[in-house]
Amino acid sequence: MQHESFSILKDEVATSVNKLVNSFLANKEYNQDEVQNWTASLSEDIVKNLKSMSTNFKFCVSCVILQKGDAGMHISTTCYWDSNTDGSVAIKCENNSMYCIVNIFGVSF
């Protein structure tokens, strides 16, 4: 399906990616030797999922996985784009041992 504006697609993207990430993390414990592969795999899976939703956008996905603990983290992103058609969504998921933060940018072309 084609969408003219990312804002129309935003809720569908958030719901779909939330399900995908929670399913991926469901039975995993944080493992520093595997986390780089997990972020790469999740990012690729998310982009494939997004492309199936709409081919009217270029998508940029960043994925961060953090081990739960006492450390803080702050992330900020910004972009110069057409706010009438382009947009972004941030998703935070967690399990018992880690947090996963996914930022998605959709740029219409």
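Going by the structure above, here's the rest.
The present account deals with the structure reproduced in this document. (Residues numbered from 1 in each chain as written. Predicted model: local features only at pLDDT ≥ 70, side-chain atom pairs only at ≥ 80, totals over all residues. Heavy atoms only, no water.)

### Let's talk about helix α2 (residues 35-53)
No. 1: Its 19 residues give α2 an end-to-end C-alpha distance of 27 Å, which sits within 8% of 27 Å, the value for a rise of 1.5 Å per residue.
No. 2: Those residues of α2 lying buried are Val35, Trp38, Thr39, Leu42, Ser43, Ile46, Leu50 and Met53. Buried residues in α2, looked at end-on, bunch into an arc of 125°, giving them a common side. What points out from α2, more than 90 degrees from its buried face, is the exposed set Gln36, Lys48, Lys51 and Ser52.
No. 3: In this structure, the buried residues of α2 make contact with α1 (6-25), β1 (57-67) and β3 (98-108). (Helix = DSSP H or I, 4+ residues; strand = E, 2+ residues; numbered from the N terminus. Expected span 1.5 Å × (residues − 1). Buried < 20%, exposed > 50% of the residue type's maximum accessible area, 1.4 Å probe, protein only. Arc of directions from axis to C-beta. Contact = heavy atoms within 4.5 Å.)

### Examining the packing of aromatic side chains
Ring pairs (aromatic) are described by centroid distance and by the angle formed between their planes.
No. 1: One pass over the structure, following the stated rule, counts three aromatic pairs.
No. 2: Seen in terms of ring centroids, Phe57 and Phe59 are 6.0 Å apart; in terms of plane orientation they differ by 40°. Their pairing is tilted.
No. 3: Of the residues examined, Phe57 reaches a relative accessible area of 5% and is grouped as buried.
No. 4: Measuring from centroid to centroid gives 6.0 Å for Trp81 and Phe105, while their planes differ by 55°, and the two rings are tilted. With Trp81 in the loop between β1 and β2 (87-94) and Phe105 in strand β3, this pair connects stretches of sequence that are 24 residues apart.
No. 5: Given the relative accessible area of 24%, Trp81 is considered partly exposed.
No. 6: The structure contains a cluster of three or more aromatic residues connected by ring pairs, namely Phe6, Phe57 and Phe59.
No. 7: A cation over an aromatic ring shows up here: Lys28 above the ring of Phe24, its NZ or CZ 4.1 Å from the ring centre. (Phe/Tyr/Trp six-rings, centres within 6.5 Å; stacked < 30°, edge-to-face > 60°. Lys NZ or Arg CZ within 6 Å of the ring centre and 35° of its normal.)

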